[in-house]
Amino acid sequence: MSTYGTTTLTRRDLCLALTVPPPADRDGPMFAEPWQAQAFAMTLWLHEQGYFSWAEWAEMLAGEIAAAQRRGDPDDGSTYYDHWLAALERIVAAKGLAAAAELAAHNDAWAAAHAATPHGQPVRLPTADD
């Protein structure tokens, strides 16, 4: 991905961010779904690479949670990583690491792939060979 011709984040970088093992405690994994661990890992990796400060991240996440509460979010912890992902998408777009339209198109592609996938089968995005 680039901003004005300067590479800011490569696909390899994103792939490396997804290889971070998910946190666990003595009771097991700390995430209900694999995507939650991936969003968490990507956030940490982007912060460690200097794309944003932890204060910037905390402000973005707090803003997402507050907006969700104003919309009537149950605030019972079940939607925490939904807010985390929304904040991640916003900060990535705000920092110019990916365009908001690109993120929206990718989300739409995943939603379409999910809708077209039979129950119990892995969801995969179509490739150029499909």
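Everything below is about the structure printed above this text.
My aim in this report is to walk through the structure given alongside it, one point at a time.

### Focus: the environment of Ala111
Here Ala111 is to be found in helix H5 (residues 100-116). For Ala111, a relative accessible area of 47% translates into the label partly exposed. With 12 residues separating them along the chain, Ala111 and Val123 place their C-alpha atoms 9.5 Å apart.

### Considering the nonpolar core
The biggest cluster of nonpolar side chains holds 18 residues, and the ones touching the most others in it are Leu46, Trp57, Trp84, Leu88, Ile91 and Val92. Of the residues forming this core, the biggest block, six residues, is contributed by helix H4 (residues 80-94). Residues within four places of Ile91 in sequence aside, it is in contact with Phe52, Glu56, Trp57 and Met60.

### Focus: the side chain of Thr43
The topology assignment puts Thr43 in helix H2 (residues 34-48). Here the side chain of Thr43 touches Trp84 through a polar contact of 2.9 Å, side chain to side chain. Not counting chain neighbours up to four residues away, the residues in contact with Thr43 comprise Phe52, Trp54, Trp57, Trp84 and Leu88.

### Section: the packing of aromatic side chains
For the coordinates displayed, the defined rule picks out 10 aromatic pairs. Note on Phe31 and Tyr81: the rings are 5.2 Å apart at their centroids and 65° apart in plane angle, and the pair reads as edge-to-face. Of the two residues, Phe31 sits in the loop between strand E4 (28-29) and H2 while Tyr81 sits in helix H4, which places them 50 residues apart along the sequence. The class of Phe31 is buried, set by a relative accessible area of 11%. Judged by its relative accessible area of 16%, Tyr81 falls in the buried class. With 5.9 Å between their ring centres and 55° between their planes, Tyr80 and Trp84 make a pair best called tilted. Here the residue Tyr80 and the residue Trp84 both occupy positions in helix H4, the gap between them amounting to four residues, near one helical turn. Of the residues examined, Trp84 reaches a relative accessible area of 5% and is grouped as buried. Within the aromatic cluster, the residues linked to one another by ring pairs are Phe31, Phe40, Phe52, Trp54, Trp57, Tyr80, Tyr81 and Trp84.

What counts, and at which threshold
- Residues numbered from 1 in each chain as written.
- Predicted model: local features only at pLDDT ≥ 70, side-chain atom pairs only at ≥ 80, totals over all residues.
- Heavy atoms only, no water.
- Helix = DSSP H or I, 4+ residues; strand = E, 2+ residues; numbered from the N terminus.
- Buried < 20%, exposed > 50% of the residue type's maximum accessible area, 1.4 Å probe, protein only.
- Core = buried A, V, L, I, M, F, W, Y, C linked by side-chain atoms within 4.5 Å.
- Contact = heavy atoms within 4.5 Å.
- Polar contact = N/O pair within 3.5 Å; in protein donor to acceptor, adjacent residues only side chain to side chain.
- Phe/Tyr/Trp six-rings, centres within 6.5 Å; stacked < 30°, edge-to-face > 60°.

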